[in-house]
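Fold and geometry: a report
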Amino acid sequence: MALKVVNLGFHSLIPSSFVYPKLLKDRFVLRSSQVEQISFTESENSLIEAILGSEGRGRSSSPQQLNAIERAVQVLERLGGVPDPTSSNLIEGRWQLIFTTRPGTASPIQRTFVGVDFFSVFQEVYLRTNDPRVCNIVAFSDAIGELKVEAAATIEDGKRILFRFDRAAFSFKFLPFKVPYPVPFKLLGDEAKGWLDTTYLSNSGNLRISRGNKGTTFVLQKQTEPRQRLLTAISSGVGVKEAIDELISLKQNTGQEPELEEGEWQMMWNSQTVTDSWIENAVNGLMGKQIIRKNGRIKFLVDILLGLKFSMDGNFVKTGSKVYEVTMDDAAIIGGPFGYPLELKNNFILELLYSDEKLRVSRASNNIIFVHIRTDALR
């Protein structure tokens, strides 16, 4: 690729009538010898679509995304899901936290651990034992270990679980013993108590919405779908290639050919190491957004600093199955209503490996793999 530049001068853990919706046929169904087949209803899928790409389990969500998530939560809560979820065996087991709100009453631990994508956060619910418990777990990594905070639990009614935190410990892989978590639960009194209402439990037993006594909303899943696993892998930096391979294989099994969807697409990950030159990275699409329009137009848009943006326009033409020829030839530094033109060009071939209305995996020149998330028109 020839690149020419002219006239440049810029660069908590501690939480606080029945309708069967229509199933989406064969949508986001896992096909794996290791995982049972999972289906989501249309309303459940709307919530998962709204959450997808939310960093920090909601910490960095835009107001638009938070509104879409809350609307989807309210729809499911009105539908009701499984009646009296605390009486159902479906509530039992290990749940992964995929989204939570952050009220001002959230504990420092909740704000610290739950908002870090590198950690996985789980909740275990076991109510039908001699020692009913709700446990919150922060898994740091397979090599490091986890923090587990446990609470004795009792069922108050069909929706509400009462709990009292009573013990916690770090389990490190490199130590043969547990390290006590330094919180004196017995001295906390009522501060160690709380309740958790399950406002929606799916009939598949795979999706749960709960609200805590501190005003926090939690969305949890027992099994995540391939797109979620890819974004988790990107956040942790572990297993990205394997997650991409799984997603591409899933799309190939459906027999559907991906299309270049219009909209605003934020670059989440690429396989290329960025260079010291931000302008070169921006021209090659290694940072910022891509804006795809129906008329065959494409724009690269990168926030620089102090309100300045790098903008580069071009066009794309489909030249084969899943393959597009892209020409970028109109670049500028934009500041408010003013623009400073740059003499830059970039021509490359774009191959779609996976694409739906929310996530796209593509391969460009030099075999660079990109993962983009759509940030507009949340569904």
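Residues numbered from 1 in each chain as written. Predicted model: local features only at pLDDT ≥ 70, side-chain atom pairs only at ≥ 80, totals over all residues. Heavy atoms only, no water.

What to know about the pattern of salt bridges
Put simply, the test is: By definition, a salt bridge exists where a carboxyl oxygen of Asp or Glu is found within 4 Å of a side-chain nitrogen of Lys or Arg. Runs of H or I in DSSP of at least four residues are treated as helices and runs of E of at least two as strands, each being numbered from the N terminus. Categorising residues by exposure relies on relative accessible area from a 1.4 Å probe, with only protein chains included: less than 20% of the type maximum marks a residue as buried, more than 50% marks it as exposed, and the intermediate range marks it as partly exposed.
Counted under the stated rule, the structure contains 24 salt bridges. The closest approach of N and O atoms between Arg 227 and Glu 49, which form a salt bridge, is 2.6 Å. Separated by 178 residues along the polypeptide, Arg 227 in helix 5 (residues 226-236) and Glu 49 in helix 1 (residues 42-51) bring together distant segments of the chain. In this pair, the class of Arg 227 matches that of Glu 49, namely buried. Of the charged contacts, one joins Asp 376 and Arg 374 as a salt bridge, the two residues approaching to 2.8 Å between their closest N and O atoms. Judged by relative accessible area, Arg 374 falls into the buried class, the value being 7%. Several salt bridges share partner residues, and in doing so they unite Asp 131, Arg 133, Glu 150, Asp 166 and Arg 167 into one network.

Let's talk about helix 5
The buried fraction of helix 5 amounts to eight of the 11 residues, a majority that puts the element mostly inside the structure. Of the positions making up helix 5, those classed as buried are Pro 226, Arg 227, Gln 228, Leu 230, Leu 231, Ala 233, Ile 234 and Ser 236. Trailing helix 5 by a residue or two, Gly 237 shows a phi angle of about 75 degrees, which is positive.

Examining the packing of aromatic side chains
Keep this limit in mind: In this analysis, rings of Phe, Tyr and Trp, with Trp reduced to its six-membered ring, are considered paired at centre separations within 6.5 Å, and the interplanar angle assigns stacked below 30 degrees, edge-to-face beyond 60, and tilted for intermediate values. Whether a charge lies above a ring is judged from NZ of Lys or CZ of Arg, which has to be within 6 Å of the ring centre and within 35 degrees of the ring normal.
Applying the stated criterion across every chain, the model contains 10 aromatic pairs. Their ring planes at 5 degrees and their centres at 5.5 Å tell us that Phe 170 and Phe 172 sit as a pair that is stacked. Using a relative accessible area of 16% as the deciding quantity, one classes Phe 170 as buried. Here the aromatic rings of Phe 316 and Tyr 324 are separated by 5.9 Å at their centres, their planes lie at 75 degrees, and the arrangement is edge-to-face. By the burial criterion, Phe 316 is buried, and Tyr 324 matches it. An aromatic cluster of at least three residues, connected via ring pairs, comprises Phe 119, Phe 140, Phe 170, Phe 172, Phe 174 and Tyr 181. One cation-aromatic arrangement involves Arg 94 over Phe 122; the distance from NZ or CZ to the ring centre is 4.1 Å. Positioned over the ring face of Trp 265 is Arg 360, at 5.1 Å from the centre of the ring.

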